[in-house]
Amino acid sequence: MNAAPPREAEAALLTCCGSLRWARRVAAHRPYPDLDALLAASDEAAYDLSPGDLAEALAREPLDPALPHQGTPGATYTAAHTALRAAHAAYESRFGHSFVVCLDHVPADEALDHLLCALRSRLGNDPEEERALAAEELRRLARGRLARLAARHAAAGPTRPGARPDSPYVPV
C-alpha cells in the first residue's frame, strides 16, 4: 500500500469504502508506519465524510445477498432471504439508500439473526439518526476490509484491481 502509485492505492482503497474522497485522503497520507496508523487514518477520513460522500459510499455497496447458509435447511434459507428482501425494500424506501451492517465479529451461525434484527430495529430510526448509524457501519466495514486487504497484500503481494476484500459483511 505504501509503495503503490497513488491511483493504484486509491483503487485498492475504494474496495474498502466507496467514497472517492475517503480513498484519496487515506492514500494521500501514505506512507503508514504500521497497520494501526493506517486504520487510524481510515477512521479519521470516515468521520469526515460529508452527506454526499456517504451517499456515494452507500451507492457503491454491493446489493446481492451473500448469506451464510451452511447447515440451514433450504426452506429456512429461502424464507430468510424473502424476509431480508422485504425488510431491505422497506428500509430503502424509508431512507433512500441501501442498508449496511458490519458483521465482522458476529459468528456465521448468528449472522442471519443479527442482520434481520439490525434491519428491523433500524427501520424505526429517524433519517438523521439512521444516516449517522449507516456512516458508523461504513466506517467499521472499511476498517475490517482495510485490515484484511493489508494482511492479504503483505502475505501475497498486490491484489487485482476491483477485488473486494473478503468480509463477513452481508449486503442485502
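These numbers come from a predicted model, not from an experiment.

Focus on the overall build of the chain
Here is step 1: From N to C terminus, the chain includes 7 helices and 0 strands.
Here is step 2: Listing the helices and strands of the chain from first to last along the sequence gives α-α-α-α-α-α-α.
Here is step 3: Buried positions account for 42% of the 172 residues belonging to the chain.
Here is step 4: In the chain, the proportion of contacts linking residues at least 24 apart, taken out of those at least 6 apart, comes to 68%.
Here is step 5: Working note: accessible area of the chain is about 8,900 Å², and carbon and sulfur atoms make up 56% of it.

Describing the side chain of D53
Here is step 1: Following the sequence through the fold, D53 ends up in helix α4 (residues 51-59).
Here is step 2: Among the polar contacts listed, one links the side chain of D53 to the side chain of S50, at a separation of 3.0 Å.
Here is step 3: Sequence-distant contacts of D53, that is, excluding residues within four places in its chain, are made with S19, R21 and D48.

Points about helix α1 (residues 6-14)
Here is step 1: Buried residues of α1: A9, E10, A12 and L13, and no others. Looking down the long axis of α1, one finds its buried residues gathered within 165° of arc, a one-sided arrangement. Turned more than 90 degrees from where α1 packs its buried face, R7 and E8 sit exposed.

A look at the packing of aromatic side chains
Here is step 1: Applying the stated rule across the entire model yields 2 aromatic pairs.
Here is step 2: With a centroid separation of 4.7 Å and 50° between ring planes, the pair formed by Y91 and F95 is classed as tilted. Taken together, the residues span about one helical turn, with Y91 and F95 both in helix α5 (residues 74-95) at a distance of 4 residues. Across the pair, exposure class does not vary: Y91 and F95 are buried alike.
Here is step 3: On the basis of an interplanar angle of 80° and a centroid distance of 5.1 Å, the ring pair of Y91 and F99 is categorised as edge-to-face. Exposure class is identical for Y91 and F99. Each is buried.
Here is step 4: Members of the aromatic cluster, connected to one another through ring pairs, are Y91, F95 and F99.

A few points about the packing of helix α2 (residues 20-28) against helix α3 (residues 35-47)
Two packed helices can be described by the angle between their axes and the distance between those axes.
Here is step 1: Contact geometry of α2 with α3 gives a least axis separation of 9 Å together with a crossing angle of 145°. Note that α2 runs across α3; the crossing there is right-handed. Each of W22, R25 and V26 in α2 lies in contact with α3, whose residues at this interface are L38, A41, S42, E44, A45 and A46.

Considerations on the pattern of salt bridges
Here is step 1: Counted according to the given criterion, the structure contains 13 salt bridges.
Here is step 2: The salt bridge partner of R25 is E44, with a shortest N-O separation of 2.9 Å. Of the two residues, R25 is situated in helix α2 and E44 in helix α3; the sequence distance between them amounts to 19 residues.
Here is step 3: Under the relative-accessibility criterion, R25 is labelled partly exposed at 22%.
Here is step 4: A relative accessible area of 46% means that E44 is categorised as partly exposed.
Here is step 5: Here the salt bridges share partners, and the residues they tie into one network are D43, E136, R139 and R143.

Let's talk about the nonpolar core
In a soluble, globular protein the nonpolar side chains are often hidden away together inside.
Here is step 1: Membership of the largest hydrophobic core comes to 43 residues, with the highest contact counts inside it found for L13, W22, V26, F99, L138 and L146.
Here is step 2: Mapped onto this core, the elements with two or more residues apiece are α1, α2, α3, α4, α5, α6 (111-122) and α7 (127-156).
Here is step 3: Per-element accounting of this core gives the leading share, 7 residues, to α7.
Here is step 4: If near-sequence neighbours (up to four positions away) are discounted, W22 is found in contact with L13, C16, C17, S42, A45, A46, L49, A142 and L146.

Cut-offs and rules
Residues numbered from 1 in each chain as written. Predicted model: local features only at pLDDT ≥ 70, side-chain atom pairs only at ≥ 80, totals over all residues. Heavy atoms only, no water. Helix = DSSP H or I, 4+ residues; strand = E, 2+ residues; numbered from the N terminus. Buried < 20%, exposed > 50% of the residue type's maximum accessible area, 1.4 Å probe, protein only. Contact = heavy atoms within 4.5 Å. Areas by Shrake-Rupley, 256 points an atom, 1.4 Å probe, with all protein chains shown as cover. Polar contact = N/O pair within 3.5 Å; in protein donor to acceptor, adjacent residues only side chain to side chain. Arc of directions from axis to C-beta. Phe/Tyr/Trp six-rings, centres within 6.5 Å; stacked < 30°, edge-to-face > 60°. Axes fitted to C-alpha atoms, helices over the stretch in contact; angles between N-to-C directions. Left-handed = near helix turned anticlockwise from the far one by under 90°. Salt bridge = Lys/Arg side-chain N within 4 Å of Asp/Glu carboxyl O. Core = buried A, V, L, I, M, F, W, Y, C linked by side-chain atoms within 4.5 Å.

Honestly, it's all geometry; don't read function into it.
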